[in-house]
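Notes for the structure review
Take a look at the letters that make up each chain.
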Amino acid sequence: MCGIAGYLGPRKAVDVVFDQLKRLEYRGYDSAGIAFPERQDIRILKKAGKLSELGRLLEDTETSDVRTAMGHSRWATHGAPTDTNAHPHFDQTENVSIIHNGIIENYLELREELAAKGHHFHSQTDTEVAAHVIGDEYDKGVPLEEAVRLAVKRLRGAYALVVMSRTEPGKLVATRNASPLILGFGEHENMLASDIPALLPYTREVMVLEEGDIAVLTDHSVRIMDGDSREVPIKAMTIEWDIAAAERGGYEHFMLKEIHEQPDVIRQTLAGRIDDKNQIRFEQIFGEHVWHEIDRVNIIACGTAYHAGLMGKYLFEKLLRLPCDVYYSSEFRYGDPVLSPKSLAIFISQSGETADSLAALRLCKEKRIRTLGIVNVIGSSIARECDRTIFTQAGPEISVASTKAYTAQVLVLTLLALYVAQVTEAPGIRVPSVVEELKGLSEKAKACLNTEDVVLALAEDVRNAPLCFFLGRGADAYVGMEGALKLKEIAYIPTQEMPAGEMKHGPIALIQPGVVSIFGATNDAVLEHSSIREKVISNMQEVKARGGTIVAITTEEDNTVERVAEYVVKIPKCESEFLSALLSVIPLQLLSYHVARLNGCEIDQPRNLAKSVTVE
Ligand code: M6R
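What counts as what
- Residues numbered from 1 in each chain as written.
- Predicted model: local features only at pLDDT ≥ 70, side-chain atom pairs only at ≥ 80, totals over all residues.
- Heavy atoms only, no water.
- Salt bridge = Lys/Arg side-chain N within 4 Å of Asp/Glu carboxyl O.
- Helix = DSSP H or I, 4+ residues; strand = E, 2+ residues; numbered from the N terminus.
- Buried < 20%, exposed > 50% of the residue type's maximum accessible area, 1.4 Å probe, protein only.
- Pairing = 2+ DSSP bridges.
- Axes fitted to C-alpha atoms, helices over the stretch in contact; angles between N-to-C directions.
- Parallel < 35°, antiparallel > 145°, perpendicular 65-115°, else oblique.
- Left-handed = near helix turned anticlockwise from the far one by under 90°.
- Contact = heavy atoms within 4.5 Å.
- Nonpolar A, V, L, I, M, F, W, Y, C, P; charged D, E, K, R; others polar.
- Near = heavy atom within 4 Å.
- Polar contact = N/O pair within 3.5 Å; in protein donor to acceptor, adjacent residues only side chain to side chain.
- Domains from an automatic or database assignment.

**Section: the pattern of salt bridges**
If you walk through the whole model with that rule in mind, you get 37 salt bridges. The partner of Asp19 in a salt bridge is Arg23, and the shortest N-O contact between them spans 3.1 Å. You can see Asp19 and its partner Arg23 sitting in helix α1 (residues 13–23), four residues apart, about one turn around the helix. Arg23 gets classed as partly exposed once you look at its relative accessible area, which sits at 23%. Close ionic contact of Glu109 with Arg156 constitutes a salt bridge, the shortest N to O distance being 3.8 Å. Of the two residues, Glu109 is situated in helix α3 (residues 107–116) and Arg156 in the loop between α5 (144–152) and β7 (157–165); the sequence distance between them amounts to 47 residues.

**Comments concerning the pairing of strand β13 (residues 222–225)**
When strand β12 (residues 214–217) meets β13, the two strands line up antiparallel, connected through four bridges. Across the sheet, Leu217 pairs through a bridge with Val222, a residue of β13. Counting the residues that bridge the hairpin from β12 to β13 gives four residues.

**Some words on the packing of helix α17 (residues 452–462) against helix α21 (residues 585–598)**
At a closest axis distance of 9 Å, the pairing of α17 and α21 adopts a crossing angle of 50°. As far as their axial angle goes, α21 and α17 are oblique. Classified by chirality, the crossing of α21 by α17 is right-handed. Each of Glu452, Val455, Leu456, Leu458, Ala459, Glu460 and Val462 in α17 lies in contact with α21, whose residues at this interface are Pro587, Leu590, Leu591, His594, Val595 and Leu598. Here the residues of the contact of α17 with α21 sort into 10 nonpolar, one polar and two charged.

**Observations regarding the site of the ligand**
Lining the immediate surroundings of the ligand are 14 residues, of which Ser349, Gln350, Ser351, Thr354 and Glu489 lie closest. Between the ligand and Glu489 there is a distance of 2.4 Å, counted from an oxygen atom to a side-chain nitrogen or oxygen. Those elements that provide at least two residues to the shell around the ligand are α10 (303–320) and α18 (475–491). When grouped by side-chain class, the residues that make up the shell around the ligand number five nonpolar, seven polar and two charged. When residues of the shell around the ligand are assigned to domains, at least three map to each of domain 2 (248–439) and domain 3 (448–603).

Take it as geometry only, folks, not as evidence of what the structure does.
The structure is reproduced here in structure tokens:
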């Protein structure tokens, strides 16, 4: 998730763009750059590191006469955060320069195609390839907007692009597909950015560019065309938010924003990893022969990432029949684990800096065990030190309570299990049909956000509960553990979480009026004449008989839980039961959020916690 900014008008354009980038800082960045016309050329200044590094470069450069500029703060997806990989990027002839947010999925194919025509690339980025594709069209002598229109037909993936040309200096051309881009309109000035907050100090008249549309901005005009070059009317809206709220995209808290980002995160996480034949493609992981050799998987992580790891265990064992253990990082290091030399250790971490996980990773390295990271932050220690790393592509997560990172971690584990099934030709799994389901998951996640009404009513009960149980069987039990962690950490409600069948072996003694039990009941698979859901319903009955309040999370076609549960939350059904279970985390996240909000808790920075735990 990168930040994009652009400005044309009477102000000092470089200063405005730099200020806009600062306002997009919450999107995270590891390098930044600015481009502006200078004499007959385009001048690019870019630097790895914090925005202040770019600021230092700008201090030494005279830019007070510049009236058009575009800038970018990068959150690396392809290639390390270096000066060279930072945006903007030039095309082959340096006639055009671009900034980009998103992922060009077919960049390798395009890169090979252009290299065969003599193009040279300086960076490892997909963005530079997009710049070359645009340049390739522009060299045919068409206007910049036409070059962009033709070029995007060759691109696959998610992108917001802004393009500047050497020969049309007072113009910026922008387009987008599945990545955000906002246009801002002022008096004799126009601008654009990835998000509204960057525009608010300059204008409150904004418009969200529609997917596939192309905007042509000068200081005195904005023209928008659709993908067939038909003119599109401009529909500006006036933004009333204060600047702080705007940074959260209008949401009251980052946590709520990040919960709502999950449909997009699912798309981003899948981006570039599924080909036209519904096969999984991973570039950064071990050669295919390695997967035949691995005899055991150990997943090592903390907190939410540990819970994602439990889902990984479920997937590896169920889909691949590959033994898998999941360890808390802090226990792994001191537990003297028995490690097979043919095993694989997977480290899951949002931040990539968690000290317990890093220490466990170093132990595996010492013991020469193969290591694979599943990490969100590129350039982080775990990402750098693992033999191979898969990035979750969830974008920066700011709220201390992890939400979208969990979904992305489980999705990467799903892709990985499917990939291993593919390369080892594991019997009994139809990879393309699960992949087909994954493609529809983003829409189903969107539907899960519509459970807010019942979740709000439930939150009124849970806010006063002395104790809340999270129960389920199989994957539902694992997701329940994550739901419980959320409720503890941001709403400070005591929880007990376990497989539903365990209740009767002791914990049921804690049931009394006021205690709420939330059951995941999304799995209706039939085993030995009765379904897993029926077994869960029996466990609900046992709790209800002792005066507990019953909540069921089930799939939309089910009407069996209603006879026992006081609250029923319905989510879309997936054919693969672990995907239904994964979706059920969304209402659980919303529940914690609303309980915390009702109880006046500090949501984005809960007491006693830090986003990245860098001490053991
Ligand atoms: O950055 P990591 O994923 O390694 O962090 C691990 C845990 O500290 C983290 O998931 C923590 O449990 C979150 N606060 C949960 O919301």
